[in-house]
Amino acid sequence: MNTATIPNSPLPNSLRTQPDERGHFGQFGGRYVAETLMPLILDLEREYKAAKADPAFKEEFDDLMKHFVGRPSPLYYAPRMTEHFRAAAAAQGKPENGAQVWFKREELNHTGAHKINNCIGQILLAIRMGKTKIIAETGAGQHGVATATVCARFGLPCTIFMGATDVARQQPNVFRMKLLGAEVIPVTSGAATLKDAMNEALRHWVAHVHDTFYIIGTAAGPHPYPELVRDFQSVIGKEARAQLLERTGRLPDLLIAAVGGGSNAIGLFHPFLDDTDVQMLGVEAGGHGLDKEHAASLTGGKPGILHGNKTYLLQDEDGQITEAHSISAGLDYPGIGPEHSWLHDIGRAKYLPITDDQAMEAFQLCCQLEGIIPALESAHALAALPEVAPKMGKDQIIIVNVSGRGDKDIFTVAEKLGVKL
Amino acid sequence: MTQRLSAAFAKGRPALVTFITGGDPTPDATPAILDALVAGGADVIELGMPFTDPMADGPAIQAANLRSLAAGTRTADIFRIAKDFRARHPETPLVLMGYANPMVARGSEWFAAQCADAGVDGIICVDIPSEEDPEIGPALRAHGISFIRLATPTTDTARLPAVVDGSSGFLYYVSVAGVTGKQQAAVDSIKEAVARIKSGTDLPIAVGFGVRTPEQAAAFAAHAEGVVVGSALVDLVAQHGADAAGPVRELTAALADAVHNAKALV
C-alpha cells in the first residue's frame, strides 16, 4: 500500500481542493462578517490568489522559513515513548503490538511553535496589500509573540488583543511581546479570554480597515483566512511526508495533532488528505470532562456562526456561545476551524477529547521519556497515544505534531502539581 | 408586513428609527420602554436580540447585551415581547436586530415563521452579508419579512447592487467604519454617501452609528429618509434601569421633533 515514490499532487475528487469559490467547506466556512469588512475580505482573497501565483512570493516565504524560522523542523523517532507503549501493549496481553511513535518537531521553530509559519505568510500578504499596521488576537500568547516577532522583523507597528485573564496567566509571553515592540491591550469583556480578544480585535479592525491588516492566528475566521492559514501551515505536513518517505520509504498510518482552532492539525493533515491509508486524529480539549467545562467543539458542540465562519461551536439551544475551558490557554476557545468541521462530518478525520488531567500526565511522560518539554496544547496530542499506540502493530507508524514547546506552561503545570516556584 | 415599514418612510418627512436591546435590564422591563419609544414619536422600532458576542457593538450596547443575558433573556422572551408589542401597537413597524447565530440556531425557517407569527416586520443581521444570503434570506422572504441590509463607507458603487438585491423595507447606512455608539461621521460625508447610494436603489435610507443628540439627528435627517439612534437610548436604560421609560420617552420626543422637522432646515 505504501511505496517510496508516492506522488503528492491533488487527485481527481481530491479532498485537498476545498474550499469552494465562496469559501465553503461543505456547509462550513463562508464569510459571515459585517458589511464594513466585506470589501476588505474580498481584496484579501484577490491578493492571496495573486500571491499564490507569484514565484517571488513563494521564494521569499521559503527563504524566511529556512533562514529565519529554521525549517525544516526535524521528524524525530521517539524510541522510549515507543517502548513505553509496547510495554503497555504487552501488559494488555498483546506483545505483538505497539506502534512506532514519531514527533514532528514544530517546537524547535523560532518562537517555539508552529504559529510563526502562518505569521510569515500573512505579514508578506499585508505588505503586498500596502497595509501599514498589524493587529492580532492571542490566547496563550504564542500567536501574539509570533506576530510581534514578524512585525519587528519587517518594521510594522503591532497591536495585540489579549483577554485580561490570559494576560494574568501568561505573563512571560506578555513581556516577550512588549520586548518585541508590540502594544498588548488587555480585553476585559466576557470571560476575558481568547474569544473576547477576537471580538475586540474585530471591533478595532472594523474601525481601521483602511490601513490595518488582521493576522488571524488559526485556520478559522472569514474566508479566505481558513484557506490561507492552512496553506501556510501545510509546510508541516509536506515536510513530514517527505521526511518519513525518505527515512522509511513509506507513509505513516496515523497522524495525531491537538485542535483548538486547528491550525497545527490542518497543517499536518492537509498534505495527506488524499492518502487514503493514512488515518488522522484531532485531539480536542476535554477540560474537566465532557459533562463539565470543556473546549471540545466537535464532540460537545453543534454547527453555528461566530467570528466570520460557520463551524461547530459550544452553544446553548438559543445559539448563545458558552464559555470554553481548558488547562491549555491555546485550546480555550468555543469554536474550531471550518475545515475540521467538514473533515469530521465526512469522516475523513476522527476527533477525540482529552481531559486536563490526561494532558498533564502526557506532558510529564514526554519530559521524562524523551527529554522534550511539550506545550500543554501538544501534550493533548501526546495524551491520545495510550488510546491508540498499544492497539496498533509494531510495524505501524504514528506521527504526533509536537506543535510547541512547554516553557511558557511551566507555571501552570507547577500550580497544577502543587509546586510553588 | 413590509406595508408598515413602507408607510413609516412615506410620511413626507424623515423617520426616526430607535434601537433598544430586548431584555435590558430585564425582559419584564422591555415593554414599557418600547411603549415609551412609540409615545415619544419613534416611527420604526429596532428591538435588539441579545448575543454573548456582540462584535460590531461599542461598549454601551455590549453592556446592554450582557445585562439582558444576565437577566435570563431567552429567544422565546424576545418573540413574546414582540408579539405583545404588536397587539398593543398594530401600526408601528418592529424590526429585530442582532447577530446570525441566535437567528439560525433552530434553523432560518423556524426563525422566519416565529417572526411572522409575532408580527415582526423586518430583520437586521450584522454578520450575514449579501454573500451569505442563503443562510436566512430565502426563509425571511418566503414569510414576507423584510431583510434589511447594511451599507457602509466601504461599500463601493460596484458592490452596492449585490447589497440591495434581496433586501427590502429600508437600507441602513452605517455612517462610520467602526462599532456602534462611538465616533460620528461628518455631515458632508453623509450627504455624499446617501446621494451615491440613492443612485443604486429606491429603498428609503436610514443613517445610523454615533447619532446621540437631537442636533446631530436633525443634521443627518436633512439628507436621508431616516435616522437611527441606539446607544444614547441604551445609555438611558443603563442609567435608569427598570425606571428608564420616562427618560427614554423624553429623549425620543426631542429626537423625533428634530428629525421630523429636519428637512425644513435645508
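Residues numbered from 1 in each chain as written. Chains lettered and ligands numbered in written order. Predicted model: local features only at pLDDT ≥ 70, side-chain atom pairs only at ≥ 80, totals over all residues. Heavy atoms only, no water.

A tally of helices and strands in chain B yields 12 helices and 9 strands. Against the 2.2 N^0.38 benchmark of 18 Å for 266 residues, chain B shows a C-alpha radius of gyration of 17 Å, consistent with a compact globule. Projected onto its principal axes, the C-alpha coordinates of chain B cover approximately 45 × 40 × 35 Å. Out of the 266 residues in chain B, the part that is buried amounts to 62%. Carbon and sulfur atoms make up 55% of the accessible area of chain B, which totals about 8,800 Å². Looking at chain B, you have 20 positive and 29 negative side-chain charges, and the mean spots of the two groups are 2 Å apart. (Helix = DSSP H or I, 4+ residues; strand = E, 2+ residues; numbered from the N terminus. Rg over C-alpha atoms; globule rule 2.2 N^0.38 Å. Buried < 20%, exposed > 50% of the residue type's maximum accessible area, 1.4 Å probe, protein only. Areas by Shrake-Rupley, 256 points an atom, 1.4 Å probe, with all protein chains shown as cover. Lys, Arg positive; Asp, Glu negative; His and termini not counted. Charge placed at Lys NZ, Arg CZ, Asp CG, Glu CD.)

Residues and elements named next belong to chain A. Structurally, chain A comprises domain 1 (33-69 + 115-229) and domain 2 (75-112 + 234-417). Spacing between the C-alpha centres of domain 1 and domain 2 amounts to 24 Å. Both faces considered, domain 1 and domain 2 share a buried interface measuring about 2,400 Å² in area, 57% of it formed by carbon and sulfur atoms. For the domain 1 face of the interface with domain 2, the top three residues by lost area are Gln142, Arg169 and Lys195, together amounting to 21%. There are 2 salt bridges connecting domain 1 and domain 2. With its nearest N and O atoms 3.8 Å apart, the salt bridge here joins Glu323 to Lys195. Counting only elements with at least two residues in the side of domain 1 that touches domain 2, the list comes to helix H2 (55-69), helix H4 (115-128), helix H5 (142-154), helix H6 (164-169), helix H7 (171-179), helix H8 (194-207) and helix H9 (225-233). Considering every element that reaches the side of domain 1 that touches domain 2, the biggest residue donor is H8, with 5 residues. (Domains from an automatic or database assignment. Buried area = accessible area lost by both parts, 1.4 Å probe. Salt bridge = Lys/Arg side-chain N within 4 Å of Asp/Glu carboxyl O.)

Within the structure shown, the criterion is met by 13 aromatic pairs over all chains. Here the aromatic rings of Trp205(A) and Tyr225(A) are separated by 6.3 Å at their centres, their planes lie at 75°, and the arrangement is edge-to-face. Separated by 20 residues along the polypeptide, Trp205(A) in helix H8 and Tyr225(A) in helix H9 bring together distant segments of the chain. There is no split in this pair, since Trp205(A) and Tyr225(A) are both buried. Three or more aromatic residues joined by ring pairs form one cluster here, namely Tyr48(A), Phe57(A), Phe61(A) and Phe232(A). When the ring centre of Trp110(B) is taken as origin, the NZ or CZ atom of Arg106(B), which lies over that ring, is 5.0 Å away. (Phe/Tyr/Trp six-rings, centres within 6.5 Å; stacked < 30°, edge-to-face > 60°. Lys NZ or Arg CZ within 6 Å of the ring centre and 35° of its normal.)

With that out of the way, let us pick up the pattern of salt bridges. Counting across every chain of the model gives 49 salt bridges over all chains. Residues Lys52(A) and Glu227(A) are paired through a salt bridge, measuring 3.0 Å at the closest nitrogen-oxygen approach. Taken together, the positions of Lys52(A) in helix H1 (residues 38-52) and Glu227(A) in helix H9 put the pair 175 residues apart, joining distant regions of the chain. Using a relative accessible area of 46% as the deciding quantity, one classes Lys52(A) as partly exposed. One salt bridge connects Lys11(B) with Asp43(B), and the closest N-O pair in it is separated by 2.9 Å.

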